[in-house]
Amino acid sequence: AELRTSGTTGEDQGVVKCWGHLVDEVEMLESVFGNRLAERTRIFATVSHQHIYGLLFRVLWPLLAGRAFQTDLLLHPQEILPQMAGAGDALLVSSPVHLKRMEVTGELKSVASACRAVFSSGGPLDAETAHGIAATLGESPYEILGSTETGGVAVRQRSRDGETWHPLPRVGVERDAEGDRLVITSPFSSEGEAVAPGLRRFQMGDRIELRPE
């Protein structure tokens, strides 16, 4: 499959993914987060399946795990939250801009008893919104760091981890000494130097600081 980068920092480019890259990643997602969900949990999303985050989290992961997912793209809280409340057991896959709006308006309170977890990706989630959601739902969203080229790289949940990110399983991280840039070694990456069968090393644009833990 060929995906396109968003072009937000330059010209858009094609990124080719093998089916194995996508399947391996959704199997990892189920192994890490699946115990939070029930078989009856329904997946709701405000992100498009045309974005790799949406493709993985709102379509391929539910298909792999046998969970129902909402097919319509519902962007407004007034559309999606009543459906989540009616489902009785729901997961929300969203973006920082949508989550900020839901938190500011207080509309997330309507799904406090139904929502098992919230995921956020596609940009930085500000701490105020994360803490506001934690106050409403009992915990902050799972924030996913990644890219079209690399797939998922790291996760954090501010109510548990503070500002520290933790690499996802099977993803190795190191810091480039010259520019402090994040270098990953991952089976989910389709770009970069092949270092072993099914494993690529790729330098990202993010500057990082490594901590002992």
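Conventions used here
Residues numbered from 1 in each chain as written. Predicted model: local features only at pLDDT ≥ 70, side-chain atom pairs only at ≥ 80, totals over all residues. Heavy atoms only, no water. Salt bridge = Lys/Arg side-chain N within 4 Å of Asp/Glu carboxyl O. Helix = DSSP H or I, 4+ residues; strand = E, 2+ residues; numbered from the N terminus. Buried < 20%, exposed > 50% of the residue type's maximum accessible area, 1.4 Å probe, protein only. Arc of directions from axis to C-beta. Contact = heavy atoms within 4.5 Å. Expected span 1.5 Å × (residues − 1). Phe/Tyr/Trp six-rings, centres within 6.5 Å; stacked < 30°, edge-to-face > 60°. Axes fitted to C-alpha atoms, helices over the stretch in contact; angles between N-to-C directions. Parallel < 35°, antiparallel > 145°, perpendicular 65-115°, else oblique. Left-handed = near helix turned anticlockwise from the far one by under 90°. Nonpolar A, V, L, I, M, F, W, Y, C, P; charged D, E, K, R; others polar.

Enquirer: Just to check I follow, could you spell out the pattern of salt bridges for this structure?
Expert: Any two side chains of opposite charge can pair, given that their charged atoms come close. Using the criterion set out here, one finds 14 salt bridges in the structure. Across the salt bridge formed by R158 and E143, the nearest N and O atoms sit 2.9 Å from each other. Of this pair, R158 sits in helix α6 (residues 158-161) while E143 sits in strand β6 (residues 142-147); the two residues are 15 residues apart in sequence, bridging distant segments of the chain. Pair check on accessibility: R158 and E143 agree, each one buried. Notably, a salt bridge pairs E163 with R158, separated by 2.9 Å at the nearest N-O pair. Classification of E163 by relative accessible area gives partly exposed; the value is 46%. Overall, the relative accessible area of 7% leaves R158 in the buried class. Among the charged side chains, a salt-bridge network with shared partners connects E143, R156, R158 and E163.

Enquirer: Would you mind going over helix α3 (residues 77-87) with me for this structure?
Expert: An α-helical segment advances 3.6 residues per turn. Residues three or four places apart therefore align on the same side. All buried positions along α3 are accounted for by P77, I80, L81 and M84. Summarising the axial view, the buried residues of α3 lie within an arc of 95°, below the 170-degree limit, and thus occupy one face. Facing away from the buried side of α3 by over 90 degrees, the exposed positions are P82 and G86. Residues of α3 that are buried in the fold lie against β3 (42-45), β4 (90-94), α4 (96-105) and β5 (115-120). Directly after α3, the chain includes G88, whose backbone phi takes a positive value near 80°.

Enquirer: Just checking my understanding: could you explain helix α1 (residues 19-33) for this structure?
Expert: For α1, built from 15 residues, the straight-helix expectation of 21 Å at 1.5 Å per residue is met to within 8% by its first-to-last C-alpha distance of 21 Å. When we look at burial in α1, the residues that qualify are H21, L22, E25, V26, M28, L29 and F33. Angularly, the buried residues of α1 cover 155° about the axis, an arc narrow enough to put them on a single face. Every exposed residue of α1 that faces more than 90 degrees away from the buried side is listed here: W19 and S31. Its buried side turned inward, α1 meets α2 (52-65), β5, β6 and β7 (151-156).

Enquirer: Help me understand the packing of aromatic side chains in this model?
Expert: Within a pair of aromatic rings, the relevant descriptors are the distance that separates the centres and the angle that separates the planes. Applying the stated criterion to the full structure yields eight aromatic pairs. Aromatic side chains F57 and W61 sit 5.7 Å apart centroid to centroid with 90° between the ring planes, which places their arrangement in the edge-to-face category. Taken together, the positions of F57 and W61, both in helix α2 and four residues apart, correspond to about one turn of that helix. When sorted by exposure, F57 lands in the same class as W61, which is buried. Ring pairs connect the aromatic residues F33, Y53, F57, W61, F119 and Y142, which therefore count as one cluster.

Enquirer: Just to check I follow, could you spell out the packing of α4 against helix α5 (residues 127-137) for this structure?
Expert: Two packed helices can be described by the angle between their axes and the distance between those axes. For the pair α4 and α5, interaxial distance at closest approach is 9 Å and the crossing angle is 55°. With respect to each other, α4 and α5 are oriented oblique. For the crossing formed where α4 meets α5, the hand is left-handed. Contact with α4, carried on its side by L99, K100 and E103, involves T129, G132 and I133 of α5 and no other residues of that element. When its residues are assigned to classes, the contact of α4 with α5 shows two nonpolar, two polar and two charged.

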